[in-house]
Amino acid sequence: MSVDPSRQQEENGESDDAVDHAAPFGVRNYLAAAMTKLGVPTRAEAVRIAHEHGWL
């Protein structure tokens, strides 16, 4: 039996709007923290380092 995700969101009191607005900031903050830990100023540089280390 499959569950319709939109119906499950409604039952949990969630809406697409809440997910759409929360997700970009979470991703942005996560990437900013990773970039700080790597000591790089750009996402491209972070990707390069991650690729060099075999993390991607």
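Quick summary incoming for the structure in this document. Remember, predicted model here, so these are calculated numbers, not experimental data. (Residues numbered from 1 in each chain as written. Predicted model: local features only at pLDDT ≥ 70, side-chain atom pairs only at ≥ 80, totals over all residues. Heavy atoms only, no water.)

1. Structural notes on the overall build of the protein
Consideration 1: Across its full length, the protein carries three helices and zero strands.
Consideration 2: Walking the protein from its N terminus toward its C terminus, one meets helices and strands in the order α-α-α. (Helix = DSSP H or I, 4+ residues; strand = E, 2+ residues; numbered from the N terminus.)

2. Some points on the pattern of salt bridges
Where side chains of opposite charge bring their charged atoms close, a pairing between them can arise.
Consideration 1: With the rule as written, the count across this model stands at two salt bridges.
Consideration 2: In this structure, Glu45 engages Arg48 in a salt bridge whose closest nitrogen and oxygen atoms are separated by 2.4 Å. Here Arg48 and Glu45 lie together in helix 3 (residues 43–52), a separation of three residues that amounts to about one turn.
Consideration 3: In this structure Glu45 comes out as partly exposed when scored by relative accessible area, which is 27%.
Consideration 4: Between Arg48 and Glu52 there is a salt bridge, and its shortest N-O distance comes to 2.4 Å. Placement of both Arg48 and Glu52 in helix 3 is noted, with a separation of four residues, approximately one turn of the helix.
Consideration 5: On the basis of relative accessibility, which here comes to 37%, the residue Arg48 falls in the partly exposed class.
Consideration 6: For Glu52, a relative accessible area of 55% corresponds to the exposed category.
Consideration 7: Each of Glu45, Arg48 and Glu52 takes part in one network of salt bridges that share partners. (Salt bridge = Lys/Arg side-chain N within 4 Å of Asp/Glu carboxyl O. Buried < 20%, exposed > 50% of the residue type's maximum accessible area, 1.4 Å probe, protein only.)

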